[in-house]
Amino acid sequence: MASATTSVSTSAARTAAAGAAARRPGLGLLVLLTATFMAALDIFIVNVAIPAVQGGLHAGTAQIQWVVAGFGLAVATGLITAGRLGDIHGRRRMFAWGLGLFTATSAACGVAPTAGTLVAARVLQGLATALMSPQVLSILQTAWTGRAQARAFSMYGLVMGLGAVFGQLIGGLLIRADLFGLGWRACFLINVPVGLTALALVPRALGESRAPRRPALDNTGAALSSAATVALVLPLIQGRDLGWPAWTWACLAGSAVLFAAFVLHQRRRAAAGGDPVLNLDLFRQRGFGLDAVAQVVFWTGQGSFFLVLALYLQAGRGLDALASGTVFLSIGTGYLITSTTAHRIAARLGARTVPAGALLMAAGLALLWEAVHASGTTGTLWELVPGLFVDGLGMGMVIAPLTQSALATVPGHLVGAASGVVTTIQQICGALGIALIGILFYGALGDGAPARYPHALGRGLAFLIVLETALAALTGVRAASGPKPPQAN
């Protein structure tokens, strides 16, 4: 009887959400994608602004590091809890709060008078991003169905990649243009009019949805998950620059203990009939565990690739931020071609889409490795274009289908938790990838002479080729396990 009641409630919730989205489906998707693009862009655009920020605010090295690290740490810390808050209080409501806070903190970053103020604003901006991001995935999964949902996820993957690929180019253009004499501040203030416009459209564009049975927030579980995430991500962000002091290793060991305590607490709370912040039944959903591992592999390579490529172009070849960003257009062109048609590719290839995309990425990175080895720091940049373009083609076939696959069989009452897990993986593995590739890249760089950068990038590319090959193998196994049965949202 309880199962039937839950099924009816879930169906009713899904019908209501879909009906609300159908009133303004295009507008609703535009609002969600605008927020996604701003969040993705903000991660990468700051890298270009760092030198100007350091000069304008007379910031020290540690403060500049925290402008980047504080944001990433705050995002990673809040995602799982934020996903649960959407289940409890409503996904549209939490999305609107996150978008409003993101807009406000972007303004605070843009007018920050000191480096310390900027760091504080960036941490708050990260928490706002953590509140907003899981709701986007939850709404996409619950408010659209069938082919419309496939198109929505395809567009989500498109804007995620565009924010990453074009972040440096847009940042370089804004700083070069020096709009109204704002300089680097425009990189943050550009979010304000866009965010306010999107926020005003939320009530008209999006319907509300939440878990069929409103759960209570597990405060102890939220505290344990946040503490464990901080203990893991903080040393990954800071360790290499500080020479891996003893406290970084203590934090990493402590994170394992805290995560174990978190899992134990979640099991006990569920056994007692309570509502855990992360329902471990999620990992019993068919294929979700393997999909989560595939997310780990992919995102460990993604952020680190952009970092080492930018270092090679700027420090190795002497390009400025704008010229370096222009090179990323090669990836962006390939990415646009496949990401805009990802739902059609997926309809034709089915579960083989992600393995094929991962193999394309591995092939593109291999072409790039050969081009870097041949051209060094003096060859023409055109030699890099084929490899970057093929890598972009593969990226466009991976990001959206991989994300949709992770959520496809998750029932409605677990969608918020699943979205929190997926977005947390993206953040934690981005930091993990940078730490791992940093060991290889800087170990090969030696004295930092420009002539050493091709060798260092080659080391990093070899690591990334291994990751993409592993992703192809993992998702190939997933594809061979057969099609997923449809589940109620």
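Participant: So, the overall build of the chain: which residues are in play, and what are the values?
Facilitator: The helix and strand tally for the chain stands at 18 helices and zero strands. The C-alpha radius of gyration of the chain comes to 22 Å, within 12% of the 23 Å expected for a compact globule of 489 residues. Here the C-alpha coordinates of the chain stretch approximately 70 × 50 × 45 Å along the principal axes. Residues counted as buried form 55% of the 489 residues belonging to the chain. Considering only residue pairs separated by 6 or more positions, the chain has 83% of its internal contacts joining residues 24 or more positions apart. Counting only carbon and sulfur atoms, one obtains 68% of the accessible surface of the chain, whose full area is about 18,800 Å². Placing the 30 positive and 15 negative side-chain charges of the chain at their respective mean positions leaves the two points 12 Å apart.

Participant: Explain the packing of helix α13 (residues 329–339) against helix α16 (residues 385–407) residue by residue, including any values.
Facilitator: One way to put it is that α13 packs onto α16 with a least axis distance of 6 Å and a crossing angle of 35 degrees. Crossing geometry of α13 relative to α16 is assigned as right-handed. Along its contact with α13, which presents S330, I331, T333, G334, Y335, I337, T338 and S339, the element α16 presents V385, L388, F389, D391, G392, L393, M395, G396, M397 and I399. Split into classes, the residues belonging to the contact of α13 with α16 amount to ten nonpolar, seven polar and one charged.

Participant: Would you mind going over the nonpolar core in detail, with residue names and values included?
Facilitator: Residues F95, L140, L278, F305, F306 and I331 are the most contacted members of the largest nonpolar core, which totals 98 residues. Apart from the residues lying within four places of it in its own chain, the contact partners of I331 are V165, F305, F306, L309, L388, D391, G392 and M395. Among the nonpolar cores identified, the runner-up in size contains 20 residues, and L57, V67, A121 and F188 belong to it.

Participant: Lay out the side chain of S138 with the relevant residues and their values.
Facilitator: Following the sequence through the fold, S138 ends up in helix α5 (residues 115–143). For S138, a relative accessible area of 0% corresponds to the buried category. Residues contacting S138, with those up to four places away along its chain left out, are R91, V415, G416 and S419.

Participant: Tell me what's going on with the pattern of salt bridges, and back it up with residues and numbers.
Facilitator: Enumeration over the complete set of coordinates arrives at four salt bridges. Across the pair D42 and R122 runs a salt bridge whose closest N-O atoms are separated by 3.1 Å. With D42 in helix α2 (residues 25–57) and R122 in helix α5, the pair connects residues that are 80 residues apart, well separated along the chain. Look at the salt bridges and you will find they share partners, linking R84, D87 and R91 into a network.

Participant: Let's hear about the packing of α2 against helix α8 (residues 191–205): which residues, and what values?
Facilitator: At a minimum axis distance of 9 Å, the contact between α2 and α8 shows a crossing angle of 150 degrees. Judged by the inter-axis angle, α2 sits roughly antiparallel to α8. The crossing of α2 and α8 is left-handed. Residue-level inspection shows L27, G28, V31, T34, M38 and D42 of α2 in contact with α8, the latter providing N191, V194, G195, A198, L201, V202 and A205. Counted by class, the contact of α2 with α8 contains eight nonpolar, four polar and one charged residues.

Participant: Outline α16, supporting the account with residue identities and numerical values.
Facilitator: For α16, built from 23 residues, the straight-helix expectation of 33 Å at 1.5 Å per residue is met to within 8% by its first-to-last C-alpha distance of 34 Å. The buried count for α16 comes to 20 of 23 residues, which makes it a mostly enclosed element.

Participant: I'd like a description of the confidence of the model for the chain, backed by residues and values.
Facilitator: The predicted model of the chain averages 83 in pLDDT, with 92% of residues at 70 or higher. Within the chain, no element has a lower average pLDDT than helix α1 (residues 2–23), which sits at 41, and none a higher one than helix α4 (residues 91–110), at 95. Note on residues 1–22: pLDDT is under 50 here. Beyond four places in sequence and across chains, it has 17 contacts. Counted against residues more than four places away or in other chains, residues 483–489, with its pLDDT under 50, gives 23 contacts.

Participant: Summarise the environment of N279; cite the residues concerned and give the values.
Facilitator: Positionally, N279 belongs in the loop between α10 (246–271) and α11 (288–316). Between the C-alpha atoms of N279 and R267, which are twelve residues apart in sequence, the distance is 8.3 Å.

Participant: Got a sec to walk through the packing of aromatic side chains? Specific residues and values, please.
Facilitator: Each aromatic ring pair is specified by the distance between its two centres and by the angle formed by the two planes. Taken as a whole, this structure holds seven aromatic pairs when the rule is applied. Between F306 and F328, the aromatic rings sit 5.8 Å apart at their centres with planes inclined by 45 degrees, giving tilted as the arrangement. On the criterion of sequence distance, the pair formed by F306 in helix α11 and F328 in the loop between α12 (321–327) and α13 is long-range, its members being 22 residues apart. F328 shares its class with F306; the two are buried. Following the ring pairs from residue to residue traces out a cluster consisting of F305, F306 and F328.

Participant: Before we move on, could you go through the side chain of T105 and cite the residues and values that matter?
Facilitator: Within the fold, T105 resides in helix α4. Here the side chain of T105 touches F102 through a polar contact of 3.1 Å, landing on its backbone oxygen. If we skip the residues at most four places from it in the chain, T105 touches A121, L124, Q125 and A128.

Parameters at a glance
- Residues numbered from 1 in each chain as written.
- Predicted model: local features only at pLDDT ≥ 70, side-chain atom pairs only at ≥ 80, totals over all residues.
- Heavy atoms only, no water.
- Helix = DSSP H or I, 4+ residues; strand = E, 2+ residues; numbered from the N terminus.
- Rg over C-alpha atoms; globule rule 2.2 N^0.38 Å.
- Buried < 20%, exposed > 50% of the residue type's maximum accessible area, 1.4 Å probe, protein only.
- Contact = heavy atoms within 4.5 Å.
- Areas by Shrake-Rupley, 256 points an atom, 1.4 Å probe, with all protein chains shown as cover.
- Lys, Arg positive; Asp, Glu negative; His and termini not counted.
- Charge placed at Lys NZ, Arg CZ, Asp CG, Glu CD.
- Axes fitted to C-alpha atoms, helices over the stretch in contact; angles between N-to-C directions.
- Left-handed = near helix turned anticlockwise from the far one by under 90°.
- Nonpolar A, V, L, I, M, F, W, Y, C, P; charged D, E, K, R; others polar.
- Core = buried A, V, L, I, M, F, W, Y, C linked by side-chain atoms within 4.5 Å.
- Salt bridge = Lys/Arg side-chain N within 4 Å of Asp/Glu carboxyl O.
- Parallel < 35°, antiparallel > 145°, perpendicular 65-115°, else oblique.
- Expected span 1.5 Å × (residues − 1).
- pLDDT = per-residue confidence, 0-100.
- Phe/Tyr/Trp six-rings, centres within 6.5 Å; stacked < 30°, edge-to-face > 60°.
- Polar contact = N/O pair within 3.5 Å; in protein donor to acceptor, adjacent residues only side chain to side chain.

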